[in-house]
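# Fold and geometry: a report
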Amino acid sequence: QVQLVESGGGLVQPGGSLRLSCAASGHIFGLNFMGWYRQAPGKERELVAGIFSRGPTKYVDSVEGRFTISRDDVGNTVYLQMNSLKPEDTAVYYCNIRTLAPPLYDYWGQGTQVTVSS
């Protein structure tokens with residue numbers, strides 16, 4: 001069983017930056033997808049950014065140009081660099097890693113709070 005441990009959340013002023021990290025306790029084999037989701041109070045969880053094992057990335061429109069997702073397959077870690085943060089980015093951010101070919105696995109982190117406020 002692979003466990004995901006997130007870090008890097010916190011309180012930041014509007015316009016500031018944070019870097020989230022998500023480390024997997026074991027190696028993820030095969031074709032896979034690593035993503036960061038967020039859930040604000042009263043809202044559904046949404047995919048913020050994702051990266052496939054062969055490199056393509058995807059972002060929700062609201063963070064395009066401000067957030068950058070990257071991965072380190074040697075260290076089994078996925079990162080989310082968040083710049084120019086806005087109050088509407090406030091949410092609990094969750095890391096997700098899932099395989100796209102058998103055996104199929106779907107792992108989630110425990111979540112880390114990001115609060116953007118002056």
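Residues numbered from 1 in each chain as written. Predicted model: local features only at pLDDT ≥ 70, side-chain atom pairs only at ≥ 80, totals over all residues. Heavy atoms only, no water.

Let's shift gears to the pairing of strand β9 (residues 91-99). For a regular strand, the rule is simple: side chains alternate between the two faces of the sheet. Extensive coverage of β9 is indicated by the burial of seven of its nine residues. Relative to β9, strand β4 (residues 32-39) is paired through eight bridges, and the arrangement is antiparallel. Directly across from arginine 38, in β9, lies its bridge partner tyrosine 93. With three bridges connecting them, β9 and strand β11 (residues 112-116) associate as antiparallel partners. What sits directly across from tyrosine 93, in β11, is threonine 112. Between β9 and strand β10 (residues 106-108), which pair antiparallel and follow one another directly, the connecting turn spans six residues. (Buried < 20%, exposed > 50% of the residue type's maximum accessible area, 1.4 Å probe, protein only. Helix = DSSP H or I, 4+ residues; strand = E, 2+ residues; numbered from the N terminus. Pairing = 2+ DSSP bridges.)

A contiguous nonpolar patch, built from Leu31, Phe52 and Leu100 and spanning about 210 Å² of accessible area, is present on the exposed surface. Along the chain, phenylalanine 52 turns up in strand β5 (residues 46-52). (Patch = residues over 30% accessible without salt bridge, like charges linked within 9 Å, V, L, I, M, F, W, Y side chains within 5 Å. Areas by Shrake-Rupley, 256 points an atom, 1.4 Å probe, with all protein chains shown as cover. Salt bridge = Lys/Arg side-chain N within 4 Å of Asp/Glu carboxyl O.)

Here the focus is the nonpolar core. Counting residues in each nonpolar core, the largest one holds 28 residues, and the members touching the most others are Leu4, Trp36, Phe67, Val78, Leu80, Met82 and Tyr93. Breaking this core down by element, the ones donating at least two residues are β3 (18-24), β4, β5, β7 (67-72), β8 (77-82), β9 and β11. The contact partners of methionine 82, leaving out residues within four places of it in the chain, are Gly16, Ser17, Leu18, Leu20, Arg66, Phe67, Tyr93 and Val114. (Core = buried A, V, L, I, M, F, W, Y, C linked by side-chain atoms within 4.5 Å. Contact = heavy atoms within 4.5 Å.)

Turning our eyes to something else, we now look at the sheet that holds β3. Ordered by their spatial adjacency, four strands build an open sheet running β1-β3-β8-β7, and the pairing between neighbours is antiparallel. Of all strands in the sheet, those with a lone pairing partner are β1 (4-7) and β7, marking the two edges. With strand direction ignored, the average angle separating the axes of adjacent strands in the sheet is 15°. Bridge count between β7 and β8: six bridges; the pairing is antiparallel. Residue pairing in the sheet places arginine 71 in a bridge with valine 78 of β8. (Axes fitted to C-alpha atoms, helices over the stretch in contact; angles between N-to-C directions.)

Let us now look at the state of the cysteines. Here a disulfide denotes a covalent bond joining the sulfur atom of one cysteine to the sulfur atom of another. Evaluated as defined, the whole model comprises one disulfide. Each sulfur in the disulfide pair cysteine 22 and cysteine 95 lies 2.1 Å from the other. Its torsion about the S-S bond being -80°, the disulfide of cysteine 22 and cysteine 95 is classed as left-handed. Linking cysteine 22 in strand β3 with cysteine 95 in strand β9, this pair joins segments that are 73 residues apart in sequence. Accessibility assignment for this pair places cysteine 22 and cysteine 95 in one class, buried. (Disulfide = S-S within 2.5 Å.)

Worth remembering: the numbers are spatial, not functional.
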